[in-house]
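Architecture and fold: a report
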Amino acid sequence: MSKVTIVLLVILAILIVGVVVLYFVGKRLQKKQEAQQEQINAAAQSVSMLIIDKKKVKMKDSGLPAAVIAQTPKMMRRSKVPVVKAKVGPRISTFLCDAEIFDTIPVKKEVKAIVSGLYITSVKGLHRPIVPTETKKPSLRTRLKRRYNEASAQLKK
């Protein structure tokens, strides 16, 4: 056998071992996530709240209690998380939000939310259904294209 064949076989063996390890690690993480989801569903409550503000900020700048920040892993403290400030009854509280529903939460509106501790899992409109708004900023290409079309239209006049 040539040297190239031996090197390719070694690389193939390393890749196979890596895939097997990732498979078992992924299975274990999936079981952990399912257990956490069961805990969240068990502690869920329906609460009406007035959404004051929402933004994505770093965990340490979020305004959450120190005990919550201390419990999070060090890597997560530097990452940005979706945070919602809401008025629940007479108190203003800071909540973490599920990333999938963050864009659908309306600001300055009253909603009925399913809350588990400080974590918002779903939101429904209290008085009328929530209409998702377009919060995405247009890309640079889209903005330049729009400017080009406006400038070319002015030149044609």
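Heads up: the structure comes first, above all this text.
Attention here is on the structure that accompanies the text. The structure presented is a predicted model; accordingly, all values stated were derived computationally and were not measured.

Moving on: the pairing of strand β2 (residues 80-88). One ladder, built from eight bridges, connects strand β1 (residues 45-58) with β2; its direction is antiparallel. Looking at the pairing, Leu50 lines up with Lys87 of β2. The hairpin turn running from β2 into strand β3 (residues 91-97), its antiparallel successor, is two residues long, and Gly89 in that turn takes a positive phi close to 65°.

What follows concerns the pairing of strand β4 (residues 110-116). Every other side chain in a regular strand lies on the same face of the sheet, so the side chains alternate between the two faces. Where β1 meets β4, six bridges bridge the pair, whose relative direction is antiparallel. Paired with Leu50 across the strands is Glu110, a residue of β4. Note that β4 and strand β5 (residues 119-125) share six bridges and pair antiparallel. In the strand pairing of β5, Ser116 is matched with Tyr119. Linking β4 to β5, which pair antiparallel, is a turn of two residues; within it Gly117 sits at a positive phi near 70°.

Moving on to the packing of aromatic side chains. Two aromatic rings, taken as a pair, are described by how far apart their centres are and by the angle between their planes. For the structure on display, the rule yields one aromatic pair. Taking the centre distance of 5.2 Å and the plane angle of 75° together, the rings of Tyr23 and Phe24 count as edge-to-face. Positioned above the aromatic ring of Phe102, the side-chain terminus of Lys54 is 4.9 Å from the ring centre.

Cut-off values and rules
Residues numbered from 1 in each chain as written. Predicted model: local features only at pLDDT ≥ 70, side-chain atom pairs only at ≥ 80, totals over all residues. Heavy atoms only, no water. Pairing = 2+ DSSP bridges. Helix = DSSP H or I, 4+ residues; strand = E, 2+ residues; numbered from the N terminus. Phe/Tyr/Trp six-rings, centres within 6.5 Å; stacked < 30°, edge-to-face > 60°. Lys NZ or Arg CZ within 6 Å of the ring centre and 35° of its normal.

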